[in-house]
Amino acid sequence: MRGLEVTVVVLAAVVISTWLARRLRWNEPVLLVAGGCLIGLTPDFRTVVLPPDVVLLLFLPPLLYWESLTTSLREIRTNARGIALLATGLVLTTAVVVAVVGHALGLSWPLAFVLGAVVAPTDAIAVAAVARDLPRRVRTILRAESLINDGTALALYAVVVGIIVEDQGFSWTGTVARFLLAYGGGIAIGSACAVVVVALRRRLHDRVLESALAVLTPFATYLPAEAVGVSGVLAVVTCGLILSQAGPKVISAGARVQITAFWEVSTFILNSALFVLVGMQTPAIVRAVGSVSPGRAAVTASLVSGVVIATRLLWLYSVPYVIRAVDRRPVQRTLRSGARQRFPIAWSGVRGAVSLAAALAVPSTTAAGLPLAGHGLLVFTAVTVILVTLVLQGTTMPAVIRWAGLRGDPDETAEERRAHRQIATAALEALPDQAGRLATPPETANAISSELRQYASEDARPPDITGPGVQAGLELRRALIAVERSALIRLRDQRSIDDIVLRRLQAVLDSEEIRIELALHAVTDLSASPPAGGEGDPRDGIPEE
């Protein structure tokens, strides 16, 4: 089966399955996986294999990059301890518990730990799909956890695979050193890449080149990190988080609108295609279990799936209470949530394509050329965990959110309204100076001032510039948008609003700036056009009748 044919079929499955899911209001990832399974059962697609490198090198960097760009760094800072415990402590605990269960079910210790590392991390893409209706704080905790825990799990995975396949020796000192190197090196490379990207963006003034740099950034960050043996996942996440802070200051409005539109479409396609590809691999993986009986494979996969879900539930209903007993500071009490409100976090441990890619990447033979016993069972179990968490947890998440009584985020709405008023106030304060600098007619400046006052008090839309002094009014409004954007960034930097609110209002300002630019071009072209019948008139030389 040629790659082009597979690509067309996968894209068609993405469009049809997503349309059907939205029309019937079903869970999109589940329907995408189901569609992939149907494709994988057809004779022409039974031999299609998803190379692990495709997921780790083609899909993972851009998806992680966009997730890190669009998350809230303020909420990550506020909930840093809880996120760190989920992304490291829970991942390692899950890996150990799964390894113990896997060994009890007949797997060797090294292979059992590989299985634990494979199924331990939640999937950023799958979590984003099930957490979209959660309040901002809960959504940010889940997204940040899934962004970071891939680095933890893949570092553990590399250590264990090295031991089992390449017969590398094990030592606690060496293992801890590899973890620290993977984390520290990934963060360092991600930070360095972000600095380079910011420097390039300050010098680029071409919308197409800015967009091309945005596409290049996640891959140019991930590959060097992986090449030197550190975490490419953490490198991409670090780079994305830094650029989420610097981007509003160095990216032009036109480029930002174009880049955002590109990423929204491309990440939707990549995200959905991953679920379809997971489904396509499932029939072949089930057929390849062969080395053990179907009954044993089903029991092993079911028990491991239950252990993965139960471990997360036990962690979320034990560790927070221990922390409460130790940390009695008032500031921490404001972050506490009840048992019912915590359940959506405990129930959001959805696994996805990263676990599948890691399982498929486990070599089927050792360095000595001997078959790796239990390889087929490991891959089958990983796929079962993915499907169970997607179907069971993914489809029930809306009901869980309703039961928990989570009804959106009133603080986010209040922040947005407050930011509306404050950036309009900043524009009003700067208006006299800007009007004087641009020699704007008083009546035009007064009209804009009146509109901005209404905007500040009633959250109306930005003023339309019409009537006399159109060009002067447009130029003044463009200058005031720059003032409003600076005020908006300042509110974010002061943590009065978070990145989600900034991006929402920034999109409004960007759209208004682009509209003004187009209007200015139209006014300039109109004023530069010669009068009919005058110099340069195309009718010159044509005798009148």
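Visitor: Which residues make up the overall build of the protein, and what values go with them?
Guide: For the protein, the count of helices and strands is 22 helices and zero strands. Each principal axis of the C-alpha distribution contributes one length, and for the protein these read about 95 × 70 × 45 Å. Out of the 545 residues in the protein, the part that is buried amounts to 52%. In the protein, the share of contacts with a sequence separation of at least 24, taken over all contacts with a separation of at least 6, comes to 81%.

Visitor: Residues and numbers for helix H10 (residues 207-227), please.
Guide: The end-to-end C-alpha distance of H10 is 31 Å, a good match for the 30 Å that 21 residues give at a rise of 1.5 Å each. The sharpest bend along H10 reaches about 35 degrees and sits at Leu 216, with the proline Pro 218 one to four residues further on. Along H10, the positions that sit buried rather than exposed are Glu 210, Ser 211, Leu 213, Ala 214, Thr 217, Pro 218, Thr 221, Tyr 222 and Ala 225. Taking the backbone nitrogen of Val 208 as reference, a side-chain oxygen 2.9 Å away marks Asp 206 as the first, capping residue of H10.

Visitor: Lay out the environment of Glu 416 in plain terms, naming residues and giving numbers.
Guide: Tracing the backbone through its elements, the reader meets Glu 416 in helix H19 (residues 410-438). Here Glu 416 falls in the buried class, since its relative accessible area comes to 18%. For the pair Glu 416 and Ile 497, spaced 81 residues apart in the sequence, the C-alpha separation amounts to 7.6 Å. For Glu 416, the residues in contact, after removing those within four places along its chain, are Val 501, Arg 504 and Leu 505.

Visitor: How would you summarise a nonpolar patch on the surface if you had to cite specific residues and measurements?
Guide: Together, Leu 11, Val 265, Phe 268 and Ile 269 line one region of the surface with nonpolar side chains, adding up to about 300 Å² of accessible area. Tallying contributions element by element places helix H12 (residues 253-287) first for the nonpolar patch, with three residues. Here Val 265 shows up in helix H12. Using a relative accessible area of 49% as the deciding quantity, one classes Val 265 as partly exposed.

Visitor: Can you lay out the pattern of salt bridges for me, pointing to particular residues and giving the numbers?
Guide: Scanning the entire structure with this criterion turns up 17 salt bridges. Taking the shortest distance from any N to any O, the salt bridge between Arg 74 and Glu 75 comes out at 3.5 Å. Taking the relative accessible area as the measure of exposure, Glu 75 reaches 9% and is therefore buried. A salt bridge links Glu 484 to Arg 477; its shortest N-O distance comes to 3.1 Å. For the pair formed by Glu 484 and Arg 477, the shared burial category is buried. The network of salt bridges with common partners includes Arg 74, Glu 75, Arg 136, Glu 415 and Asp 498.

Visitor: Before we move on, could you go through the packing of aromatic side chains and cite the residues and values that matter?
Guide: Aromatic ring pairs are reported here in terms of the distance separating the ring centres and the angle at which the planes meet. Using the criterion set out here, one finds six aromatic pairs in the structure. Ring centres of Trp 66 and Trp 263 lie 6.4 Å apart, and the angle between their planes is 20 degrees; on these two criteria the pair is classed as stacked. Placement of Trp 66 in helix H3 (residues 52-69) and of Trp 263 in helix H12 is noted, with a sequence separation of 197 residues between them. When sorted by exposure, Trp 66 lands in the same class as Trp 263, which is buried. Over the aromatic face of Tyr 317 sits the side chain of Arg 342, whose NZ or CZ is 5.5 Å from the ring centroid.

Visitor: Describe the environment of Ala 361, with residues and values.
Guide: In this structure, Ala 361 sits in helix H17 (residues 353-361). The class of Ala 361 is partly exposed, set by a relative accessible area of 33%. In this structure, the C-alpha to C-alpha distance between Ala 361 and Leu 56, residues 305 residues apart in sequence, is 9.9 Å. Residues within four places of Ala 361 in sequence aside, it is in contact with Pro 52 and Tyr 157.

Visitor: Tell me about H3, residues and numbers included.
Guide: Residues that lie three or four places apart on an α-helix share one face, since the helix turns once every 3.6 residues. Taking 1.5 Å as the rise per residue, H3 with 18 residues should run 26 Å; its terminal C-alpha atoms sit 25 Å apart, in good agreement. Approximately 45 degrees is the largest bend angle found in H3, and it occurs at Leu 60, with the proline Pro 61 only one to four residues beyond. The buried fraction of H3 is high, at 14 of 18 residues.

Visitor: An account of the side chain of Thr 221 is needed here, citing residue identities and associated values.
Guide: Along the polypeptide, Thr 221 turns up in helix H10. The exposure class of Thr 221 is buried, given its relative accessible area of 1%. Ignoring any residue separated from it by four or fewer positions in sequence, one finds Thr 221 in contact with Ile 189, Gly 190, Cys 193, Ala 235, Val 236 and Cys 239.

Visitor: Provide a residue-level description of the packing of H10 against H12, including the pertinent values.
Guide: Close contact between H10 and H12 brings their axes to 9 Å; oriented N to C, the two are set at 40 degrees. Between H10 and H12, the angle falls in the class oblique. Pair H10 / H12 crosses with right-handed handedness. Each of Arg 207, Val 208, Glu 210, Ser 211, Ala 214, Val 215 and Pro 218 in H10 lies in contact with H12, whose residues at this interface are Gly 254, Ala 255, Gln 258, Ile 259, Phe 262 and Trp 263.

Visitor: Any details on the confidence of the model for the protein? Residues and values, ideally.
Guide: Of the residues in the protein, 90% reach a pLDDT of 70 or more, and the chain-wide mean stands at 85. Note that pLDDT drops below 50 for residues 534-545; the model gives that stretch eight contacts with residues more than four away or on any other chain.

Visitor: Outline the packing of helix H2 (residues 28-41) against H12, listing residues and values.
Guide: Look at H2 against H12: their axes get within 6 Å of each other, and the N-to-C directions meet at 45 degrees. Relative to H12, the element H2 lies oblique. The interaxial crossing formed by H2 with H12 has right-handed handedness. Residues Pro 29, Leu 32, Val 33, Gly 36, Cys 37, Ile 39, Gly 40 and Leu 41 of H2 lie in contact with H12, whose contacting residues are Ser 272, Phe 275, Val 276, Gly 279, Met 280, Thr 282 and Pro 283. Residue composition of the contact of H2 with H12, by class: 10 nonpolar, five polar and no charged.

The rules behind the values
- Residues numbered from 1 in each chain as written.
- Predicted model: local features only at pLDDT ≥ 70, side-chain atom pairs only at ≥ 80, totals over all residues.
- Heavy atoms only, no water.
- Helix = DSSP H or I, 4+ residues; strand = E, 2+ residues; numbered from the N terminus.
- Buried < 20%, exposed > 50% of the residue type's maximum accessible area, 1.4 Å probe, protein only.
- Contact = heavy atoms within 4.5 Å.
- Expected span 1.5 Å × (residues − 1).
- Bend = angle between axes of the 7 residues up to and from the residue.
- Polar contact = N/O pair within 3.5 Å; in protein donor to acceptor, adjacent residues only side chain to side chain.
- Patch = residues over 30% accessible without salt bridge, like charges linked within 9 Å, V, L, I, M, F, W, Y side chains within 5 Å.
- Areas by Shrake-Rupley, 256 points an atom, 1.4 Å probe, with all protein chains shown as cover.
- Salt bridge = Lys/Arg side-chain N within 4 Å of Asp/Glu carboxyl O.
- Phe/Tyr/Trp six-rings, centres within 6.5 Å; stacked < 30°, edge-to-face > 60°.
- Lys NZ or Arg CZ within 6 Å of the ring centre and 35° of its normal.
- Axes fitted to C-alpha atoms, helices over the stretch in contact; angles between N-to-C directions.
- Parallel < 35°, antiparallel > 145°, perpendicular 65-115°, else oblique.
- Left-handed = near helix turned anticlockwise from the far one by under 90°.
- pLDDT = per-residue confidence, 0-100.
- Nonpolar A, V, L, I, M, F, W, Y, C, P; charged D, E, K, R; others polar.

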